[in-house]
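Report on the structure
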Amino acid sequence: MLEIRNMDVHYGVIHVLKGISFMVNDGEIVTLIGANGAGKTTTLRTISGLKKPRNGTILLDGEDITATSAQERVKRGISHAPEGRRIFPDMTVLENLELGAYLRKDKEGITRDLKMVYEHFPILSDRKKQLAGTLSGGEQQMLAIGRALMSRPKILFLDEPSMGLAPFLVQEIFNIIKNINKAGTTILLVEQNASMALQVAHRAYVLETGSIVLSGTGSELMQSDEIKKAYLGG
Amino acid sequence: MKKIFEKQAVRKLIFLALTFIIVQLLIYADIIDAYLQNTLTAICINIILAVSLNLITGFTGQFSLGHAGFMSIGAYTCAIITLRMPTIFGFFLGVFAGAIFAALVGFIVGLPTLRLRGDYLAIATLGMAEIIRIIFINLKITNGAAGLQNIPRFTNWTWLFIFMVGTVLLITNFLKSTHGRACIAIREDEIAADSMGINTTKYKVIAFIIGAFCAGIAGALYASYFYFLKPNIFDFLKSVNVLVIVVLGGLGSVSGSILAAILLEIISTFLQSFSELRMVIYALLLVVIMLFRPQGLMGSKEVTLAVFNRLGGNLKSGMSKLEQRFKSKKGRV
């Protein structure tokens, strides 16, 4: 579904991503794990069009989308729940979700997807008239994921969905991520919480200072000594 | 649903018509004399300026200090046209040419500068307004620093009212549309708006163009009322004054801008008699208001005509509560 070939990204003179290549197949949950500053968020931002790569190709369903705008990529089915939630605080929960469907014109489809989001996150349905800024951290994260789902993506990017959440909430969010995936959405997940991410992911890539150093299935990497030492604290 | 909407529209229309007629009658009766008419004109022009700047700064979140620049373009365009064509047709041509010219400059300036954020954008727009002012000082057609005199007067209460209501309607309708939603999303979080597929640059530029267009109208009305124009009228302080109205009324509240424009102009008219202390008192008032209402008079809320309904409703429920209390007391006795 999504293929990245030799992507180079720079911030000014800093070479952040050094020719990374990876792919996400239809129906998978793929996770990118790595330490702070490894380039995980930059990878997502570049694929969703918020940052321009210097070299490399991004293919979506076999088509080259490297030169397209962020809007065009949303239309083509890439949806990004950015790092730190970034919900619209002074708008209601419902308005946030409606903005997720900003580029869509099919009213019926939007209503259907709104229902689908409420099924995944019943709490959002209870709070639809509430200002999003007054939600708790976990609820805001749910809203960010729900909002990203409202564009009816083929592939959903989740950037650190566990950030700043209590452990039981992290568990809940990851269960919902699994459910969303089972319902047919491909997911590219970026996480610092490597053990959680590896548990839900079909496959994983390990990013270290801008290069992919390891890859494999989630369970393979869980067993790897290197990963255990560096990311799983054992 | 539709009926309620129509009822509201009718009510709005009646409210507007009454406002217009009452003020018009007061002018006829000379209760609003020539001096107060200046105040009235300043209020209307400030409402247009503040509401349009609120679209840029309050709703789209782009901190602009260039509103006086756009206003001056409208003013000079209208003045130059009506000086050569002193007819009502010339006035219309002047207003619309001024507005379009201001919008065009807004577009040209906005495209590169709206990539900047926060303070940087403020500095860039401030620079733009200064450049426009200096161009007007050095042009022959604007008569340099001496300015233009004897500009024919066409602006009166009728035109002020029409253009003011037109501007407010244009901007409130824009804000209610999907485009308005997109602008507010940009203010709330630009990166998130970007990743929702909103073309943030496009909407920032659109907000800037509409704001500049309306500022151009305000400038044209100004030129056609006060007979006289010089570049220094449109300096940094003028932009700041408009910003003060917007912040005082509440960033993101159209009705707040309107209220603040009226309030500030009335205050400054009353303070005319304390000439030396005037600016001190004015500034002090601003400080006090900002201390007690940092979010502005209205915050981001709007007053609508529904206020009257609610007042009526409160009165009714209050009365019935009193009645109940009265009855229950009676029962005890």
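Quick look at the structure, then. Note that the coordinates shown come from a computational prediction; the quantities given were computed from them, not determined experimentally. (Residues numbered from 1 in each chain as written. Chains lettered and ligands numbered in written order. Predicted model: local features only at pLDDT ≥ 70, side-chain atom pairs only at ≥ 80, totals over all residues. Heavy atoms only, no water.)

Bringing the overall build of chain A into the picture now. Secondary structure summary: chain A contains ten helices and ten strands in total. Computed over C-alpha atoms, the radius of gyration of chain A comes to 17 Å, within 12% of the 17 Å expected from 2.2 N^0.38 for 234 residues, which places it in the range of a compact globule. In terms of overall dimensions, chain A has a C-alpha envelope of 45 × 40 × 30 Å along the principal axes. Burial statistics for chain A: of 234 residues in total, 56% are counted as buried. Nonlocal contacts in chain A, meaning residues at least 24 apart in sequence, comprise 67% of its contacts between residues at least 6 apart. Total accessible area on chain A stands at roughly 10,100 Å², and carbon and sulfur atoms take up 49% of it. In chain A, the 28 positive side-chain charges and the 26 negative ones have mean positions that sit 3 Å from each other. (Helix = DSSP H or I, 4+ residues; strand = E, 2+ residues; numbered from the N terminus. Rg over C-alpha atoms; globule rule 2.2 N^0.38 Å. Buried < 20%, exposed > 50% of the residue type's maximum accessible area, 1.4 Å probe, protein only. Contact = heavy atoms within 4.5 Å. Areas by Shrake-Rupley, 256 points an atom, 1.4 Å probe, with all protein chains shown as cover. Lys, Arg positive; Asp, Glu negative; His and termini not counted. Charge placed at Lys NZ, Arg CZ, Asp CG, Glu CD.)

On to the overall build of chain B, then. Looking only at helices and strands, chain B has 13 helices and zero strands in total. Starting at the N terminus and ending at the C terminus, chain B contains elements arranged as α-α-α-α-α-α-α-α-α-α-α-α-α. Per-residue burial for chain B yields a buried fraction of 47% across its 333 residues. Contacts spanning at least 24 positions in sequence make up 80% of the contacts within chain B whose residues lie at least 6 apart.

Residue and element names in this part refer to chain B. Here Ser255 shows up in helix α11 (residues 254-270). Engagement of the side chain of Ser255 in a polar contact is seen with the side chain of Glu302, the distance being 2.5 Å. Filtering out sequence-adjacent residues up to four positions away, Ser255 remains in contact with Met298, Lys301, Glu302 and Val303. (Polar contact = N/O pair within 3.5 Å; in protein donor to acceptor, adjacent residues only side chain to side chain.)

Among the residues of helix α7 (residues 178-188) of chain B, those classed as buried are Gly180, Ala182, Cys183, Ile184, Ala185, Ile186 and Glu188 of chain B. Residues of α7 of chain B that are buried sit in contact with α3 (93-100) of chain A together with α2 (34-59), α6 (157-176), α8 (190-195) and α9 (200-223) of chain B.

So, on to the sheet that holds strand β3 (residues 29-33) of chain A. Residues and elements named next belong to chain A. Strand order in the open sheet made by the six strands is β6-β7-β8-β3-β9-β10, with mixed pairing throughout. Looking at strand neighbours, the two that pair on one side only are β6 (78-81) and β10 (211-217), the edges of this open sheet. Ignoring which end each strand starts from, the neighbouring axes of this sheet average 15 degrees apart. (Pairing = 2+ DSSP bridges. Axes fitted to C-alpha atoms, helices over the stretch in contact; angles between N-to-C directions.)

All names here are of chain A. With five of five residues buried, β3 is to be regarded as a mostly interior element. Every second residue of β3 is oriented toward a common face, with Ile29, Thr31 and Ile33 on one face and Val30 and Leu32 on the other, all of them buried. With five bridges joining them, β3 and strand β8 (residues 186-191) adopt parallel strand pairing. Note that in β8 the partner of Ile33 across the bridge is Glu191. Two elements, β3 and strand β9 (residues 203-208), share four bridges in a ladder whose sense is parallel. Bridge pairing in β9 links Val30 to Arg203.

Okay, the interface of chain A and chain B next. Often, the extent of an interface is quoted as the loss of accessible area upon association of its parts. Listed per partner, the contact involves 20 residues of chain A and 18 residues of chain B. Looking only at chain A, the three residues that lose the most surface to chain B are Arg86, Phe88 and Tyr102 of chain A, adding up to 33% of its buried area. Linking chain A to chain B there are three salt bridges. Viewed at the interface, chain B and chain A are joined by four residue pairs in polar contact (both at pLDDT 80 or more). Elements with a contribution of two residues or more to the side of chain A that touches chain B: α2 (70-75) and α3 of chain A. Top element by residues in the side of chain A that touches chain B is α3 of chain A. It accounts for four residues. The residue inventory of the side of chain A that touches chain B, partitioned by class, reads eleven nonpolar, three polar and six charged. (Buried area = accessible area lost by both parts, 1.4 Å probe. Salt bridge = Lys/Arg side-chain N within 4 Å of Asp/Glu carboxyl O. Nonpolar A, V, L, I, M, F, W, Y, C, P; charged D, E, K, R; others polar.)

Attention shifts here to helix α5 (residues 118-138) of chain B. For α5 of chain B, with 21 residues, the first-to-last C-alpha span of 31 Å sits near the 30 Å given by 1.5 Å per residue. Next to the buried residues of α5 of chain B lie α3 (67-84), α4 (88-113) and α9 of chain B. (Expected span 1.5 Å × (residues − 1).)

Below, the discussion takes up the side chain of Gln24 of chain B. The residue Gln24 of chain B is located in helix α1 (residues 2-28) in this model. The contact partners of Gln24 of chain B, leaving out residues within four places of it in the chain, are Trp157 and Thr158 of chain B.

Next up on the list: a nonpolar patch on the surface. On the surface, a nonpolar cluster with roughly 470 Å² of combined accessible area is contributed by Phe101, Leu104, Phe107, Ile108 and Leu111 of chain B. Relative to the assigned elements, Phe107 of chain B resides in helix α4. (Patch = residues over 30% accessible without salt bridge, like charges linked within 9 Å, V, L, I, M, F, W, Y side chains within 5 Å.)

Residue and element names in this part refer to chain B. At their nearest, the axes of α7 and α9 sit 10 Å apart, and the two run at 105 degrees to each other. Relative to α9, the element α7 is oriented roughly perpendicular. In contact with His179, Ala182, Cys183 and Ile186 of α7, α9 contributes Thr200, Tyr203, Lys204 and Ala207. (Parallel < 35°, antiparallel > 145°, perpendicular 65-115°, else oblique.)

Before going further, it helps to examine the pattern of salt bridges. All names here are of chain A. Across all of its chains, the model carries 15 salt bridges over all chains by this definition. In this structure, the salt-bridge partner of Asp106 is Arg104, at a minimum N-O distance of 3.2 Å. Judged by its relative accessible area of 14%, Arg104 falls in the buried class.

Before going further, it helps to spend a moment on unusual backbone geometry. Residues and elements named next belong to chain A. Its identity is not glycine, yet Arg86 carries a phi of approximately 50 degrees, on the positive side. Within the fold, Arg86 resides in the loop between β6 and α3. The class for Arg86 is partly exposed, based on a relative accessible area of 30%. Positioned with a positive phi, Glu160 is a non-glycine residue whose angle comes to about 50 degrees. By secondary structure assignment, the location of Glu160 is in the loop between β7 (155-159) and α7 (167-182). Residue Glu160 is classed as buried on the basis of its relative accessible area, which comes to 5%.

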